[in-house]
Amino acid sequence: MSVHPMILSGRGVTAVLGPTNTGKTHYAIERMIAHDSGVIGLPLRLLAREVYTRVVEKVGHHNVALITGEEKITPHRARYSVCTVEAMPRETTASFVAIDEVQLAGDLERGHIFTDRLLYLRGRGETLLLGAATMRPILEQLLPGITVVERPRMSQLLYAGSKKITRLPHRTAIVAFSADEVYAIAELIRRQRGGAAVVLGALSPRTRNAQVALYQEGDVEFLVATDAIGMGLNLDVDHVAFAQDRKFDGYQFRNLNPAELAQIAGRAGRHLRDGTFGVTGRVDPFDNELVHRIEAHEFDPLKVLQWRTKAFDYASLAALKRSLDAAPTIPGLARALPAVDQQALEHLSRYPEVADLATRPERVEKLWEVCALPDYRRITPAQHADLISTIYIDVVRRGAVNEDFMAEQVRRADSTDGEIDTLSARIAQIRTWTYVSNRPGWLADPTHWQEKTREIEDRLSDALHERLTKRFVDRRTSVLMKRLRENAMLEAEISVNGDVFVEGHHVGQLTGFRFTLATGGDGPDAKAVQGAAQKALALEFEARAARLHASGNGDLALSSDGLVRWLGDPVARLTASDHVMRPRVILLADEQLQANAREHVVARIERFVNHHIGTVLKPLDDISRAEDLEGLAKGLAFQLVENLGVLFRRDVAEDVKSLDQDGRASIRKYGVRFGAYHIFLPALLKPAPAELITLLWALKNDGLDKAGYGDLIPMLAAGRTSVVTDPSFERTFYKLAGFRFLGKRAVRIDILERLADLIRPLLQWKPGAQPRPEGAYDGRRFTATTSMLSILGATPDDMEEILKGLGYRADSVKAEDAAAFLASQGGAAAVQAEAAAEAPADHDDADASVESEASAEAEAPASSEPVAAETDVAVADVTVADAPVEEGAEAAEAKPVLLWRPGTRQDNQRQGGRHQGDQRRGSGPRQGHGQGQAQGEGREGREGGGRKGGAPARGKRHDGKPEGGQRQDRHDRHDRGGKPAAAKFEARPPRKEKPIDPDSPFAKLAALKEQMKK
C-alpha cells in the first residue's frame, strides 16, 4: 500500500487559546447554539455531563444528545451532540465542531485520539479548537491558514506558599493523584475542619455531581480531588493546594510539568475573582522560577503530538497490526505508544480460538471494535484480553453476547452493600457492561440492558455518595459552616455533662469553670464559634458559682495531685504558703467567671480545704492551735507540726530531757506519744492522714514530681508493717507515710515502738533470775526472737538490717558457748525477774538509750544507710562464721549466735574486719564461755536460750529502750582490769530490793512456786 503525504489545511479552523478562566468553553457553547447543528468534544465524561446540562438549559433537552462510551441520550432529531472526544464521530455533517482541551494531543495515553480529531474532524461552517497557548506553534505548523485567538485570564493567579492542611483557607481544592491519598486527606479534614467533598475521575457522573453539590452549596468548605478538576470543571474555588506533585501517567511516575501544574492551579478564581495556589502536606514549596511561569502563564510550547493511523487495514490480523505500526510522514507528529486497545489486540492475536474466527475483514474489524472496550477495572492486560475474547467469540458465533453470561456479570455488580472501595469496584464493573450495552450489534436486547445497567449504576452511585459523605463529612459541622456564612445568630447550649454545642455542633467541653475548645476548633471560624459559646458560658458560670457556693463538703474533694474537685471536675489547685498546714488556693477558672461570683467560689473552696485538713489531720491541727502549751512544750509542739507529726527522738533529745512532767502531760493530752525512737501522733499513721501529710509536704517542697510520691500509701493501707526500700524514692516520703527508713528496709513507726517494748525487758533481766524471758542473755545483750520477727513481718536477715539501723550492734558467739553460758545462769527468784519484766516503765526515762541511738547514728560516716560504720565488720564476721567445715569433721559446726547490744561511740570509731577491744568487752575467754565469741556476726543467730518460755511479757512502757552507752562504758572500764566477765556481776553492789506487797499478784505467784519446790 502506497503512503501519500498528509496534506492538511487550517482554513475555517479557529484556535481559541489561553490559560484557565478565560471563558473558552462558554464561548464554544455560545458559538455552537448559534448554528443549526453542532458537535462538541470534551476530555472527560464528567465534563461532558456538565456541558450537556448547560446546553439543555439553553435549547431544551429534546435538541441535545449526550454520547459517551457508557451513556447515550439521543432524542429524535437532536441538533446538538455533546460527546467525549473518544465518542465523537469520525465524520460529521454538523455545521459546527468544537474540540476542548486540545493540548491533550500530547498525552502519551490518549493523545492520538485528540490528534486525530483536531486534524480531520471539521464542521461545515465553523471549527473551534480550544486549549492552552502552548499549542499555538504546533497548530500553526500542522494546519497552515488556521486563525489563532488568544484570550487573557479574567483574574490574577497568585502563589500563596506552603500551608498545613489544617490551616488552609475555606473554598480550597486539595489535589492529589491517587485514591488512597485523596481519602486520607479527606479523613484528616473531616476530623480537623468538619468535612470535604471528594472528586475522582473514576467516579460516576452521578456520584461526582452529588459530591460537587456538597461543595458548591456550602455544606463543606473543602474539595479533595485528582487532576480531574483541571479539565474544565467549573467550581467556586479560591485556592488550589497541591498535596502531591507526582503522578502515574500510565507508564511511569513522574513530576508534573509547569503547564500541567498551571492547568490545575488555574481552577482557583472564577470570572473576575482572583485565585491563589500553593502546596501542602509533604510537597516542597515551588521555586521562584516555577511560580513566575505559572503566574505569568509562560510555558514551553508543545513540540510533538501523539499520532496513530486512521487507515486501518482489516485484511487480516497481521495486516491490522502492521497498519497500527505505521509512522507519521510529516514533522510534528510521533507514533503513539500502544494503547489499551492495541495491547489487547496483541494478546488476542495469540489466542487460537480468536485467530480461527478473525479470518475475514469484517471479523477483523469487529475484533478491533471490541478491543476498544475501556479497562475501567484497571486489571491486567491479560485479564482484560480474556474478557474481550469472551465477548468477541459470542458476537461472532452467536450474533450477540450470551444473555446468561451478561445477566451473571450484571448480577455480581448489583449490590449496594460494602464500603467505598467495594462500591467503587462495582461501579467500575457495571461501567464495563454499560459500555457493552451501548455498542450497536453487541446485544440482542440492548435497550433492556441499557436501562438495567443505568439503574444499577445510579443506585451504586447514590450508595457511594452516601458512604463518601458519611465518612468524610460531619453534617453538624456543615450546618454550622452555613450559619456562619449567613452571619446568623448562633444558638448555644450546654449539656448536663458539660458538652457545649453551637447550632447542634459539639464545639468544646466545660469542665468546672474552664472551657476547652474541641479538636479542630482553631480554624478561621474558631472565633465566631467561640464567641457564640462564650455567651452561653457566661450565664452558666454564674449559675455554677451559685451552686458551688451552696454545695456541701461532700460535693468537694481534694485529690493527691493537689487539685480540688467539685462533682469530679477540677476547680482549684493548692500551692505552698508560709504555713505548711495552710496551703494557698489557686482558682482554675476562665475570665468569664467575674467579680463577686469568683470571690464566692474562692471563699467556699478555702473553707472546704481548711475543713478537710482540720478533719483528716485533727490531732496535728489541734496541736498547731493549742494555746495552753508553754515553754519547751510549745516549742516541741511547733517542731512536731513543722515535721507533720513525726520527730526522731534523737533530734530533740535535749528538749525532751529538759521537759518537766507538767510539760509532758500538757503535750500528751493532744495525743502525742513519747516513744523510744520517735515523738509522734499515732492517730496520723493511717492512709488518709498519711496521704494528706505527703501532699502538704510535696506542695511545700516541690515534691509532686519526685520519685515515690504517693507510692507508699497503698502499702500502709494494706497493713504492711515493713517494706523493702526503693533507693530511687525520695527518702522523706517514708517518714511522711509513717515508716522509718532503715537502710534496705523501712518499718512502720508504731511497730518500732512495739519492738522497743519487746527488747526492754530483755535488757532489764538480771542473770540468774528465773524464768529467763525468751531472747534475754546476760542483761546487757539479747537475741532476736520470733515475736520480733512476727510484728515486723521480717526475715532474720531483715532483722539484722533493722536492728543495725536503730543503732544496735551485734557480738557473735558460738552456739555451744552461748548454751553453756545460759546453763550457768540461775539463782534469783522468779518473782524478781518477772517484776523487772512487767514493771511499768516511764517512757521518759529512756533518755540513755536515746543517747545511744543518737551517738550511733550521729558519729557514723555519711552513707545511704545509718549503720554503714558496722557494715564492713558484719560482713567480715559473717564470712568467717559461715565458712564451711573441713572434710572429715565429725559434725557440722552450728551457726553462731548474734548477741545484740546498744551501740557506743567506740563502735562507730572502729575500723577493719574485727572488733577491737573484744577482750575488754568480755567477748574473749571468760567464765562460762568458749573461745569463739569474736568470730563474726552470724546472720542466723536466733537462739535466745529461752524459747520454751515463749515471748516475754511486755511492760506497759512503750518507748523504753535497753540501757545504752553509759552502762556499756561502765562495763568496759570494769573489764579492763582483766577480771573474768562473770566476776563483774558479782562485784557490782546488789540492787536494794523493794518490799513486795503481800496482796500483789507477784507475791502470790512467788508463794505458789515455793510450795511447788517443797
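Cut-offs applied
Residues numbered from 1 in each chain as written. Predicted model: local features only at pLDDT ≥ 70, side-chain atom pairs only at ≥ 80, totals over all residues. Heavy atoms only, no water. Helix = DSSP H or I, 4+ residues; strand = E, 2+ residues; numbered from the N terminus. Contact = heavy atoms within 4.5 Å. Areas by Shrake-Rupley, 256 points an atom, 1.4 Å probe, with all protein chains shown as cover. Pairing = 2+ DSSP bridges. Axes fitted to C-alpha atoms, helices over the stretch in contact; angles between N-to-C directions. Salt bridge = Lys/Arg side-chain N within 4 Å of Asp/Glu carboxyl O. Buried < 20%, exposed > 50% of the residue type's maximum accessible area, 1.4 Å probe, protein only. Patch = residues over 30% accessible without salt bridge, like charges linked within 9 Å, V, L, I, M, F, W, Y side chains within 5 Å. Lys, Arg positive; Asp, Glu negative; His and termini not counted. Charge placed at Lys NZ, Arg CZ, Asp CG, Glu CD. Parallel < 35°, antiparallel > 145°, perpendicular 65-115°, else oblique. pLDDT = per-residue confidence, 0-100. Phe/Tyr/Trp six-rings, centres within 6.5 Å; stacked < 30°, edge-to-face > 60°. Lys NZ or Arg CZ within 6 Å of the ring centre and 35° of its normal. Left-handed = near helix turned anticlockwise from the far one by under 90°. Nonpolar A, V, L, I, M, F, W, Y, C, P; charged D, E, K, R; others polar. Core = buried A, V, L, I, M, F, W, Y, C linked by side-chain atoms within 4.5 Å. Polar contact = N/O pair within 3.5 Å; in protein donor to acceptor, adjacent residues only side chain to side chain.

(A) Local environment of the overall build of the protein chain. Across its full length, the protein chain carries 37 helices and 34 strands. Considering only contacts within the protein chain whose residues lie at least 6 apart along the sequence, 72% involve residues at least 24 apart. Total accessible area on the protein chain stands at roughly 45600 Å², and carbon and sulfur atoms take up 50% of it.

(B) Up close: unusual backbone geometry. With omega at -5 degrees, the peptide bond leading from Gln-770 into Pro-771 counts as cis. Residue placement: Pro-771 occurs in the loop between helix H27 (749-764) and helix H28 (786-792).

(C) Structural detail: the sheet that holds strand S4 (residues 72-73). Strand order in this open sheet of eight strands is S4-S3-S5-S2-S6-S7-S1-S8, and the pairing throughout is mixed. Only two strands of the sheet have a single partner each, and these edge strands are S4 and strand S8 (147-150). When strand S3 (residues 64-67) meets strand S5 (residues 80-84), the two strands line up parallel, connected through four bridges. Across the sheet, the residue bridging to Val-64 is Tyr-80, located in S5. Most of the contacts of helix H1 (residues 24-33) go to strand S7 (residues 126-131), to which it runs at about 170 degrees, and overall it touches strand S1 (13-17), strand S2 (38-42), S5, strand S6 (96-99) and S7.

(D) Highlighting the pattern of salt bridges. For the coordinates displayed, the defined rule picks out 48 salt bridges. Close ionic contact of Glu-455 with Arg-459 constitutes a salt bridge, the shortest N to O distance being 2.4 Å. On the criterion of helical spacing, the pair formed by Glu-455 and Arg-459 is a turn pair, its members being four residues apart in helix H16 (residues 446-472). The exposure class assigned to Glu-455 is partly exposed, which follows from its relative accessible area of 34%. One salt bridge connects Arg-467 with Glu-466, and the closest N-O pair in it is separated by 2.7 Å.

(E) Seen up close, a negative patch on the surface. Taken together, the side chains of Glu-403, Asp-404, Asp-445 and Glu-451 make up a negatively charged region of the molecular surface. As for its placement among the helices and strands, Asp-404 is situated in helix H14 (residues 403-413).

(F) Local environment of the packing of helix H10 (residues 340-348) against helix H13 (residues 381-398). With their axes 9 Å apart at the nearest point, H10 and H13 run at an angle of 75 degrees to one another. Considering their axes alone, H10 and H13 lie roughly perpendicular with respect to each other. Residue-level contacts link Val-340, Gln-343, Ala-344, His-347 and Leu-348 of H10 to Pro-381, Ala-382, His-384, Ala-385, Ile-388 and Ser-389 of H13.

(G) Main features of the side chain of Asp-499. Tracing the backbone shows Asp-499 in strand S20 (residues 499-502). In contact with Asp-499, not counting residues within four places along its chain, are Glu-493, Ile-494, His-506, Gly-508 and Gln-509.

(H) Local environment of the confidence of the model for the protein chain. Counting all residues, the mean pLDDT for the protein chain is 81, and 78% of those residues have values of 70 or more. Note on residues 827-891: pLDDT is under 50 here. Beyond four places in sequence and across chains, it has 134 contacts. Of the regions scoring below 50 in pLDDT, residues 911-992 engages in 209 contacts with residues more than four places distant in sequence or in other chains.

(I) Here's a closer look at the packing of aromatic side chains. Summed over the entire model, instances satisfying the criterion amount to 18 aromatic pairs. Three or more aromatic residues link up through ring pairs in this structure, and these residues are Tyr-159, Phe-242, Phe-277 and Phe-286. The ring centre of Tyr-435 lies 4.2 Å from the NZ or CZ of Arg-439, which sits over that ring.

(J) Seen up close, the sheet that holds strand S16 (residues 275-279). What the six strands build is an open sheet, ordered S9-S16-S13-S10-S12-S11; its pairing is parallel. Where the open sheet ends on each side, the last strands, each with one partner, are strand S9 (157-162) and strand S11 (197-199). When the angles between neighbouring strand axes are averaged without regard to direction, this sheet yields 25 degrees. Across four bridges, the pairing between S9 and S16 is parallel. Counted as the bridge partner of Leu-158 is Thr-276 from S16. Those strands touched by helix H5 (residues 179-193) are strand S10 (172-175), S11 and strand S12 (222-225), and its axis lies near 165 degrees from that of S12. Helix-sheet contacts for helix H6 (residues 205-216) involve S10, S11 and S12, and the interaxial angle to S11 is about 140 degrees.

(K) Spatial organisation of the packing of H1 against helix H2 (residues 45-59). Orientation of H1 relative to H2, taken along the N-to-C sense of each, is 40 degrees, at an axis distance of 11 Å. Considering their axes alone, H1 and H2 lie oblique with respect to each other. As H1 runs across H2, the sense of the crossing is right-handed. Contacts from Thr-25, His-26, Ile-29, Glu-30, Met-32 and Ile-33 in H1 reach Val-51, Arg-54, Val-55, Lys-58 and Val-59 in H2. Residues that form the contact of H1 with H2 fall into these classes: six nonpolar, two polar and three charged.

(L) Inspection of the environment of Leu-695 at higher detail. Take Leu-695: it is sitting in helix H24 (residues 687-700). Each C-alpha atom of the pair Leu-695 and Ser-560 lies 6.4 Å from the other, and the pair is 135 residues apart in sequence. Those residues in contact with Leu-695 that sit more than four places away from it in its chain are Leu-558, Ser-559, Ser-560, Gly-562, Leu-704 and Tyr-709.

(M) How the structure looks around the nonpolar core. With 73 residues, the main nonpolar core has Phe-513, Val-564 and Ile-605 as its most contacted residues. The greatest single-element share of this core, amounting to eight residues, is contributed by H24. Core analysis: the second largest hydrophobic core is formed by 65 residues, Leu-168, Ile-189, Trp-368 and Leu-387 among them.

(N) Molecular detail of the pairing of strand S32 (residues 745-748). Residues of S32 alternate between two faces, with Arg-745 and Val-747 on one and Ala-746 and Arg-748 on the opposite face, all of them buried. Relative to S32, strand S31 (residues 739-742) is paired through four bridges, and the arrangement is antiparallel. Each bridged residue has a counterpart across the sheet, and for Phe-739 the counterpart in S32 is Arg-748. Linking two consecutive strands that pair antiparallel, namely S31 and S32, is a turn of two residues; a positive phi of about 75 degrees is found at Gly-743 within it.

(O) Expanded view of the environment of Ser-824. Structurally, Ser-824 is set in helix H30 (residues 815-824). When its relative accessible area of 48% is taken as the criterion, Ser-824 is described as partly exposed. A sequence separation of 56 residues divides Ser-824 from Gly-768, and the C-alpha atoms of the two residues are 8.1 Å apart. At a separation of 2.5 Å, a polar atom in the side chain of Ser-824 contacts the main-chain carbonyl oxygen of Phe-821.

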